Structures are given as C-alpha cells and as structure tokens.
Amino acid sequence: MTEAERFDFVIVGSGPAGHAAAIIAARAGHSVAVIERDRGVGGACVQRGTIPSKTLRETAAYFAGLKARSCGALTAHIPPEVQLTTLMARMERVVEQHSALNANQFEQHGVVQIHGRASFTGPREVEVVGVRGGTRRLVGGTILVAVGSRPRTPPNVPVDHEHVLDSDSVLSAMYLPRSLAILGGGVIAAEYASIFAALGVEVAMIDRFPRPVGFLDQELTDRFVAHFEAHEGCRFLGDRKVAHVQWDGAAYVVTQLDNGEIIRADKMLCAQGRVGNIESLQVERAGLQANDRGLLDVDEHGRTAVPHIYACGDVIGAPALASSSREQGRRAVYHALGQACPNPPETTPIGIYTIPEMAAVGMTEEQARAAHGDVRVGRAKFSEIARGLISANTSGILKLVTKTDGTLLGAHVLGEGATEIIHLAQLALQAGLGVRAFADSVFNFPTLAEAYSVAADEIVREMAEPQLAAPATVG
Amino acid sequence: MRSVVTDDLVPLCERLLAGDEAELPMLPTIAQETLALCQDEHVDAARLSEVLHRDQGLAGHVLRVANSPLYRPGVPIGSLQQAISRLGFRALSELAVAVAVRGKVFASEGASSLAEHMAGLWRHAAAVGLFAQEIARQRRRNVESAFLCGLLHDVGRPVILAAAAKEHPDAGLPVLVSAMDNYHNVVGLRLAELWQLPPQVVASARWHHDWSQADGHVEAVMTVALADRLAHWAVPSGDDAVTEDELRQLPVLEGLNLYPDEMEALLERREDVCEKVEVIS
C-alpha cells in the first residue's frame, strides 16, 4: 500500500467553493491538496455549467439586443441549419483559458492539484483513484467536501440526452429546436428559458410554483416573466405539475400536466433540481450520511457532523450559485482556522444570467417587512435612466429597500448589466452605508449606476429631509 | 511490382485531392435531402416518407431494418410512415442516411475480396457511429451528432478503394489497401468539404487519428477516436484487432475523463452494438 501524503487541508472538488477555500488556506500558509475528478480545474461551473451557458447567453443577448437597439431596423434570423455549436464557437477556448487561469492560481499558491476520483477510507483519509488507475492516499487535518452536483433526473422524466435533455447535454445539441419545454422554475430553468427565447425558440416553462426563481424579490420575477412572455410563443406555466412525459416516437416530446393540459415540443430540458456528486465519495466511511435529497447537512460555518469535515457549494443545496459557493468555501476555511470571516454571508450577491439579468443582495422587500416592520422602497426604472434609453435596456428596474432611517437592507436589479451594478449595493451593505451615500454621489453619465441615485433620491424625499439652506442673498 | 502499381495510384489520389468533383461521389441525394429535412422547421413524417419512397431499394431496406428484432416493433410495420411513427423521425432519418451512404459509398462491384473488404469497412464505420453514441450518453452529452461523426469518420477509405479498383482493376487488394491507408484522411476531408458536412463531423474525420492536435470540437474528436478503437475491438477486421487490455490503457480515456468503471460500462455495450451493426449491414 502506498504511503499516505499529509496536508493541512484536503479539498475535494475545484469548483468555486473548493477554489476559494484552497486559495485562502494556502494564503494563510497551510499545505493544501485539491482533488478534481474532471480533467480541468473549475468543476461543473467551468466545464458544463456557468461558463459554457454564459457563452451561449452572450450570443443570444447580442442577437436580441441588435433588434432592440435599432428599433427593429436591423433584424437577424437564425436559419434552421445553423448549429448550436456555431453560436458558442468561443466556448471551448473560454473554458480552457478559464480552467488554465484557475490552475495557474493554484500553482502560484503552492496548492497541490490531483486529478482523480476521491473516496473516504476513514474520517481523516481520502483515497484518490486516477482516470487510468493508480491510487494515492491523502490525510487531511481538515477535509472540505466541495464535490458539486449534477442534474437530477426525476423518475417520471425519461432523460435520453437526445429528445429529453438535461443541463449537461443541452449545450451539445446539434440544432436549435423550434420549440422547447423546460421543466423547472429555478435558476438554470430561467436562464435557459430566456436564452432560447431570445434565439427565437418557442419556450414553455413549466413549474409547480406560481413564479420562477422564487427566492428573488417578486417585483423582479414578475417583470422577468413579462419580458419572457413578450417573445412569440413563450409561456410561463406556473402552479402546474407534470403527470407524464413521453417522446411520441415521431416528432414531439409530449408532456401531460396534472390539470390535463398537453404540451408538445421538439425537445425538452429537464431542470428540476440537482443532486450532490457524493456516491463515489463513500461518506459513510467518514461517519457522515447524505440526507434524503442526496446532500450533506452542515451548520452555519459549513461544518458537517464530523467536526473536521466541512462541506460547501452545490453539495449542501440551494442556492447553489457560484458566488454563494465561494462564500461558503471561504467561510468554512476561516472557521477551520479559528478566524472570524470578514463580511457576513448576507452581503453575498446573487446573479442570475437570464435575459435580462437579475441580481440581488441583502433582503427582499418581503423579508425586510417581516424583519423590520415599516421599510422604505425606492425604485428607478431603466426607462428613466439615460443609459437605459440609449441601450434600449428599458425593461430594467433597480429597487432599494431600506429601514425607515435610510439604512440599506437590500438591493434588487433586473436588466442588462444587473450582475455588475449590484456590487455597488454589496459594498454599501458591507460598509453599513445608508441610502444617502447614493443620493449624494455623482456617478458617470450616462451609466446604469445612476439608477442608484434615482432610487435613493425617492427614499430620501420620503424621509422628509430638512430643506437645504436657502442660498445667501447678495447685496 | 507492388511499388510500381502504388506509384500508378498516386495520380488518381492527387486528382481526388485536387477537387475534381467528377472523381468524388456525391452524397447520395436522398441522404442529402434527409439531412436537410432534419433541419427543416416545417418537415413532417409524410414529407420524409415521400423522400424515402423515391428510392424503392432504400425504402425496402429501411422497412426491413425497422421490422428487425433490434427495434422490436411488436406488430409488423408495413409502411414508411408507420415506421416513422414507431421509430421516431430522427432515428429513421439517421437510419436512412446510413443505408443511403452505404449503398453509394461503401458499394463494390469488384472482386469478391474487394467486396468483402468494403463490407468490413462498412461494419467498422457503423460500429464507430454506434459506439460514439454510447460514449456520448455515458458522458451525459447530446447523442444527436455522435452517430454521424462516427459513421463518416473514415469516409475517404471506401472512396479511394472504389476509385482505385475501378482505375486499376488488376491491382491486388493489398496494393489498393495501401493506397487507401496513405490517402484516406485527406480524401475524406475533401469529401466532407464537398458534402458540406457539419463542422464536428469534419473535425472528427480530420483529427481522430491524432486527437490531441484537434483545434476545435475536441470532445467530438475524442469521442470518435475512442469509438474507433472500440469498434476495432468489437468488430475486428484484418490486423487492426485491439484487446480489452489495450483499450483500458488508451490515453484518450484521460482526455474524455472516463474512469475505469465507466469504461467497463462501455465495454459491456459490445453485444448490443454488434447486433445493431448486423441489422444495418
């Protein structure tokens, strides 16, 4: 048997959670090994999820933006023979370069990278089997499980990767379908629904909840649904359950809903949640057990039932976003090191790459009212912002939620650029700034950031500020 | 003697490469139309049936395959339209393309040894297509394009073989095969260009022998590279046979990130693939 290699931190998985954890631990002077079962560094985020889908999104957003910016003078039609791969021709290079950047960061921090599939042999030891055989044994002072997830296949949905796809296989489809049924109303479902809608595909989004991406502020999701349904043939079918899905053997995937409705589409994308990649990890050998959703339970620090084993990222469940996973990874390492983690988790932003984008940080209006009673809300429509008008980005909105004294509690943005401008609110929350910081600041003109001034101004006016001193009279 | 004949074949291969379209077979019209139909947003089963009916030989062959135990129809399928509704539009289109390509590109009118060799090439091509689908499914990738990439990965081979046999009917099979080995890749690429095949099919044809050099559609190329070796193992012909142990050591497994248990699952598909190859041969 090979001799075990010892590390302060053994991290299983190199996605956003594992990557952030590894860099922080290494920066603190600890020995770190990261085990990745995929060929490149980055996990599903880089290889199959976030990066690839955003590459297609970029094409779709420009495609839709061309028509909007030229008021319909310029239109583009995607011929049926155009392959999906040609719409994301840069994807392979983007994935490769991003993966290489991550690997390079590991190298610079002295993180040992191991390609293979890990399984626990005991609470402190992990065995790694390489793709071409061969094993290594690693012993970790702290072990962090960040193995990510894969699409869940519900028992009543026959995913065959040909007619009925999941989020892993949808991007390798050959041609754009004419119509697409999407099961689910979460982040992945909403992103793909809006991307394919922008590319001219008739999309039916079917979900058991009344609105998609339910954890976001309702005002944002209502606007998102309105924008999505403005595309010809696109519908959001909420409050529906799927009774039966079948490929009719000829042309359509036929979905029967519990209310008797029948939806026919060329293809189906099943996006009904994800399951943790923990089967081969044999967590029971470490004294752990997966919960009934196939995920690992952790406390607020990311610690499992075994004190030196932490878990973070998709493997602990929602929201399963790259940003939240990174936050969980760093939080776990700080806790393991006995240090306080700078910035509370509530200030981690959420970015949803729909068309248009949605982003949020802090409390929704509903959460704020539940926690603080009276709150103030300020809004800025992008149709009232010069940059929004110039870029025909007029369906957007920025919404600020504050305490009655103007202390910022949350910010919510819908519109192109939302995932970028949300960071202003994130920093304001972290710095404990009030809404006045926005009202009294001058931003570049024309920019979408101006929306902060407009929304903040609405709240400031409502707060019945004392009038500015009258200008001194001369003479 | 052999070298003289081989030298004689060079001008033929050069002509093929020079783009003399008269020397290269066209993609069978029906295959071309079937491929186009797959991409037509207004197509229906009746239209596909109409196209396939234009070639009675092809229609008959498709019906024979549709009635084979492979597709387990339950009750006999009597019409193409019925076959389309049972097997599915895509499956039947794929089958029709395969049968049409076989009839046109893999056909041989020469000596029995040549016909036998050509049949072997066809069985290999079909097995590569079918294994490519299995690999794609195993890796949770879309299986749509995998079959075509595999089926046409070495389409230059039968083309050179047929052209060389026609121009040099007295040349022995070993000489013809030698010419084929030397030129099949470049001629296959020329053909892919002429037929306007999808880019991943072209990339697979170009790089499957040297997958690490592929500069695009790398996953498709690696998939075909592995499918090619699996096909040599499952449907051996000549001296290209591959052992299971050799398969387990292939570097492309690392490229595709296939772990030993996943490779074993692929090896277990051998019987099914062989059964399908026989059905469409």
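What you see is a predicted model; the values in this text were computed from it and never measured.

Looking at the overall build of chain B
Here is step 1: A count of helical and extended segments in chain B gives 16 helices and 0 strands.
Here is step 2: Going through the 281 residues of chain B one by one, you find that 49% of them count as buried.

A short note on the overall build of chain A
Here is step 1: Along the backbone of chain A there are 12 helices and 22 strands.
Here is step 2: At 24 Å, chain A has a C-alpha radius of gyration in line with the 23 Å of a compact globule built from 475 residues.
Here is step 3: The principal-axis extent of the C-alpha atoms belonging to chain A is close to 95 × 65 × 40 Å.
Here is step 4: With 475 residues in all, chain A has 51% of them scored as buried.
Here is step 5: Considering only residue pairs separated by 6 or more positions, chain A has 65% of its internal contacts joining residues 24 or more positions apart.

Things to note about the sheet that holds strand E11 (residues 235-237) of chain A
Residue and element names in this part refer to chain A.
Here is step 1: Spatial ordering of the open sheet is given by E8-E15-E9-E10-E11, a layout of 5 strands whose pairing is parallel. The sheet is open, and its two borders are formed by strand E8 (164-166) and E11, each paired with just one other strand. Ignoring strand direction, the axes of neighbouring strands in this sheet form an average angle of 20 degrees.
Here is step 2: Across the face of the sheet, helix H5 (residues 187-198) comes into contact with strand E9 (179-183), strand E10 (202-206) and strand E15 (267-270) while running at roughly 165 degrees to E10.

Re the packing of helix H3 (residues 50-69) of chain A against H5(A)
Residues and elements named next belong to chain A.
Here is step 1: In contact at an axis separation of 8 Å, H3 and H5 are set at 40 degrees when each is read in the N-to-C sense. As the angle between them shows, H3 and H5 are arranged oblique. In this structure, H3 crosses over H5, and the sense of that crossing is left-handed. Facing Ser53, Leu56, Arg57, Ala60, Ala61, Phe63 and Ala64 of H3, the residues of H5 in contact are Glu191, Ile195 and Ala198.

Focus on the sheet that holds strand E22 (residues 408-414) of chain A
Residues and elements named next belong to chain A.
Here is step 1: On the basis of which strands lie adjacent, the open sheet formed by 5 strands has the order E18-E19-E22-E21-E20 and antiparallel pairing. Every interior strand has two partners, whereas the edge strands, strand E18 (350-352) and strand E20 (376-381), have only one. Put simply, the sheet's adjacent strands are angled 10 degrees from each other on average, direction ignored.
Here is step 2: In terms of strand pairing, strand E21 (residues 397-402) meets E22 through 6 bridges, oriented antiparallel. When the sheet's bridge partners are listed, Leu400 is paired in E22 with Ala411.
Here is step 3: Packed onto the sheet, helix H10 (residues 418-431) meets E18, strand E19 (358-362) and E22 and runs at close to 5 degrees relative to E19.

Overview of the pairing of strand E2 (residues 32-36) of chain A
Residue and element names in this part refer to chain A.
Here is step 1: With 5 of 5 residues buried, E2 is to be regarded as a mostly interior element.
Here is step 2: The alternating pattern of E2 places Val32, Val34 and Glu36 and Ala33 and Ile35 on opposite faces, both of which are buried.
Here is step 3: Pairing analysis gives 4 bridges linking strand E1 (residues 5-12) to E2, with the strands arranged parallel. Following the sheet pairing, Val12 is matched in E2 by Ile35.
Here is step 4: Where the polypeptide runs from E1 across helix H1 (residues 16-27) and back to E2, its parallel neighbour, the crossover connection is right-handed.
Here is step 5: Two strands pair when backbone bridges link them, and E2 and strand E3 (residues 112-115) are joined in this way by 4 bridges, in the parallel orientation. Looking at E3, one finds that Ile35 is bridged to Ile114.

Let's talk about the packing of H3(A) against helix H4 (residues 91-108) of chain A
Think of two packed helices as two axes; the pair is described by the angle between the axes and how far apart they sit.
Residues and elements named next belong to chain A.
Here is step 1: At a closest axis distance of 9 Å, the pairing of H3 and H4 adopts a crossing angle of 140 degrees. As far as their axial angle goes, H4 and H3 are oblique. Crossing angle aside, the handedness with which H3 passes H4 is right-handed. Where H3 approaches H4, its residues Ile51, Pro52 and Thr55 are matched on the opposing element by Met91, Val94, Val95 and His98.
Here is step 2: Its residues assigned to classes, the contact of H3 with H4 comprises 5 nonpolar, 2 polar and no charged.

Structural notes on unusual backbone geometry
Here is step 1: Residues Ile355(A) and Pro356(A) are joined by a peptide bond in cis, for which omega reads 0 degrees.
Here is step 2: With respect to the element layout, Pro356(A) can be found in the loop between E18 and E19.
Here is step 3: At the junction of Phe445(A) and Pro446(A), the peptide bond is cis and its omega measures out at -5 degrees in the coordinates.
Here is step 4: Relative to the helices and strands, Pro446(A) resides in the loop between helix H11 (436-439) and helix H12 (450-462).
Here is step 5: Residue Gln282(A) is not a glycine yet carries a positive backbone phi of 50 degrees.
Here is step 6: For Gln282(A), the location among the structural elements is in the loop between strand E16 (274-276) and strand E17 (309-311).
Here is step 7: In this structure Gln282(A) comes out as partly exposed when scored by C-beta crowding, with 15 C-beta atoms within 10 Å.
Here is step 8: The phi dihedral of Arg140(B) falls on the positive side, at around 60 degrees, and the residue is not glycine.
Here is step 9: Here Arg140(B) shows up in the loop between helix H7 (112-138) and helix H8 (146-151).
Here is step 10: On the neighbour-count criterion, Arg140(B) (17 C-beta atoms within 10 Å) is partly exposed.

Re the confidence of the model for chain B
Residue and element names in this part refer to chain B.
Here is step 1: Here chain B averages 78 in pLDDT, while 75% of its residues score no lower than 70.
Here is step 2: Averaged pLDDT values over the elements of chain B bottom out at 59 in helix H1 (residues 2-17) and peak at 95 in helix H12 (residues 218-234).
Here is step 3: With pLDDT under 50 throughout, residues 1-5 is counted as low confidence; its partners more than four residues away or in other chains account for 4 contacts.
Here is step 4: If you check the scores for this complex, the pTM reads 0.79 and the ipTM reads 0.72.

Describing the environment of Ile182(A)
Residues and elements named next belong to chain A.
Here is step 1: Note on placement: Ile182 falls in strand E9.
Here is step 2: Residue classification places Ile182 among the buried residues on the basis of 29 C-beta atoms within 10 Å.
Here is step 3: The sequence separation of Ile182 and Phe236 amounts to 54 residues, and the corresponding C-alpha distance is 9.5 Å.
Here is step 4: Not counting chain neighbours up to four residues away, the residues in contact with Ile182 comprise Ala189, Tyr192, Ala193, Val203, Met205, Ile206, Leu269 and Ala271.

Thresholds applied
Residues numbered from 1 in each chain as written. Chains lettered and ligands numbered in written order. Predicted model: local features only at pLDDT ≥ 70, side-chain atom pairs only at ≥ 80, totals over all residues. Helix = DSSP H or I, 4+ residues; strand = E, 2+ residues; numbered from the N terminus. Buried ≥ 20, exposed ≤ 12 C-beta atoms within 10 Å, placed from the backbone. Rg over C-alpha atoms; globule rule 2.2 N^0.38 Å. Contact = placed C-beta atoms within 7 Å. Pairing = 2+ DSSP bridges. Axes fitted to C-alpha atoms, helices over the stretch in contact; angles between N-to-C directions. Parallel < 35°, antiparallel > 145°, perpendicular 65-115°, else oblique. Left-handed = near helix turned anticlockwise from the far one by under 90°. Right-handed = clockwise from strand over helix to strand, strands pointing away. Nonpolar A, V, L, I, M, F, W, Y, C, P; charged D, E, K, R; others polar. pLDDT = per-residue confidence, 0-100.

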